[in-house]
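# Reading the structure
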Amino acid sequence: MSSPSKRREMDLMKLMMSDYKVEMVNDGMQEFYVDFHGPNGSLYQGGVWRIRVELPDAYPYKSPSIGFVNKIYHPNVDEMSGSVCLDVINQTWSPMFDLVNVFEVFLPQLLLYPNASDPLNGEAAALMMRDRPAYEQKVKEYCEKYAKPEEVGAPSDDKSSEEELSEDEYDSSDETVVGKPDL
C-alpha cells in the first residue's frame, strides 16, 4: 500500500472516530459525505449541512474538494454548486492538514468569519456589506429551510405539485383497458 492511500485511510478513520457521520459514496475511499453542524456562536448554529468530499489521488499532497450539498447563504459558498472559496483548502493546502482540520477548523472559521471581499455568492456579499441585519435574517431563513438536522441526507424537497399527488388522486385515462384481450 502506498503512502498516500495509507494516509487517506488513516485520515478517514480519524474523521469517523471524531463523531462525524460519514457516508461513503462507493467502495473506494475517495468520495464521501460528511454531516457538518454549524458552529456554536454563529448565525449557522443549529443547522446541519451535508458536505461532499472528494479526495484526489495525490491526497494529502493535493487538497480535497469540498462542497455543500444542501443550500447555504454565505458570501464564500456558491449558492448553486455548493463550492467553497477557502484559501486554506484551495491554495495553501499542506500535507500537515487532515480531514479533521477541514471540519473542526477550516469550515467553522469560514462560517464564523465570512469574507465579503472574495465572494462566490455576490448577492450574499453585497447584502452583508450593505445591510447586515437583512443578511443575518436571510442566513437564518436558509438554515431553517435547508439545514434542518432531520432532513440532512433525505431526498430533495423540490417536487412539483403534480409529482406529489398519490396514484389515487391522479386519474390517468391510459390505465383503462378498452376491448377484449387477444387470445
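Residues numbered from 1 in each chain as written. Predicted model: local features only at pLDDT ≥ 70, side-chain atom pairs only at ≥ 80, totals over all residues. Heavy atoms only, no water.

### Overview of the nonpolar core
Counting 40 residues, the largest nonpolar core has Leu-15, Phe-32, Ile-51, Val-53, Phe-68, Phe-103 and Leu-107 as the members making the most contacts within it. Sorting the residues of this core by element identifies α1 (3–17), β2 (31–37), β3 (48–54), β4 (65–68), α3 (99–112), α4 (122–130) and α5 (132–146) as the ones contributing at least two each. At eight residues, the largest contribution of residues to this core is made by α3. Apart from the residues lying within four places of it in its own chain, the contact partners of Leu-107 are Phe-36, Ile-51, Ile-66, Phe-68 and Val-102. (Core = buried A, V, L, I, M, F, W, Y, C linked by side-chain atoms within 4.5 Å. Buried < 20%, exposed > 50% of the residue type's maximum accessible area, 1.4 Å probe, protein only. Helix = DSSP H or I, 4+ residues; strand = E, 2+ residues; numbered from the N terminus. Contact = heavy atoms within 4.5 Å.)

### Notes on the packing of aromatic side chains
Summed over all chains, the structure comprises ten aromatic pairs. Summarising the aromatic geometry, the rings of Tyr-20 and Phe-103 are spaced 5.7 Å apart at their centres and angled 50 degrees between planes, so their arrangement reads as tilted. Remark: Phe-103 occurs in helix α3 and Tyr-20 occurs in the loop between α1 and β1 (22–24); sequence separation between them is 83 residues. Note on Tyr-73 and Tyr-135: the rings are 6.0 Å apart at their centroids and 45 degrees apart in plane angle, and the pair reads as tilted. Note that Tyr-73 is positioned in the loop between β4 and α2 (87–90) and Tyr-135 in helix α5, a separation of 62 residues in sequence. As far as burial versus exposure is concerned, Tyr-73 and Tyr-135 are alike and both buried. (Phe/Tyr/Trp six-rings, centres within 6.5 Å; stacked < 30°, edge-to-face > 60°.)

### Comments concerning the sheet that holds β3
To summarise the sheet geometry, strands pair through backbone hydrogen bonds and adopt either a parallel or an antiparallel arrangement. Spatial ordering of the open sheet is given by β1-β2-β3-β4, a layout of four strands whose pairing is antiparallel. Edge positions in the sheet fall to β1 and β4, since each has one partner strand and no second. The sheet shows a mean angle of 25 degrees between the axes of neighbouring strands, direction not considered. Contacts from α1 reach β1 and β2, with the element oriented near 135 degrees to β1. (Pairing = 2+ DSSP bridges. Axes fitted to C-alpha atoms, helices over the stretch in contact; angles between N-to-C directions.)

### Some words on the side chain of Asp-98
Inspection of the secondary structure puts Asp-98 in the loop between α2 and α3. Take Asp-98: its relative accessible area is 8%, and that puts it in the buried class. Only 3.1 Å separates the side chain of Asp-98 from the backbone nitrogen of Val-100, close enough to count as a polar contact. With near-sequence residues (within four places) excluded, Asp-98 lies in contact with Arg-7, Asp-11, Lys-14, Tyr-59 and Trp-93. (Polar contact = N/O pair within 3.5 Å; in protein donor to acceptor, adjacent residues only side chain to side chain.)

### Considering the packing of α4 against α5
Look at α4 against α5: their axes get within 6 Å of each other, and the N-to-C directions meet at 135 degrees. By the angle between their axes, α4 is oblique relative to α5. Along its contact with α4, which presents Glu-123, Ala-124, Leu-127, Met-128 and Arg-130, the element α5 presents Arg-132, Ala-134, Tyr-135 and Lys-138. A per-class count over the contact of α4 with α5 returns five nonpolar, no polar and four charged. (Parallel < 35°, antiparallel > 145°, perpendicular 65-115°, else oblique. Nonpolar A, V, L, I, M, F, W, Y, C, P; charged D, E, K, R; others polar.)

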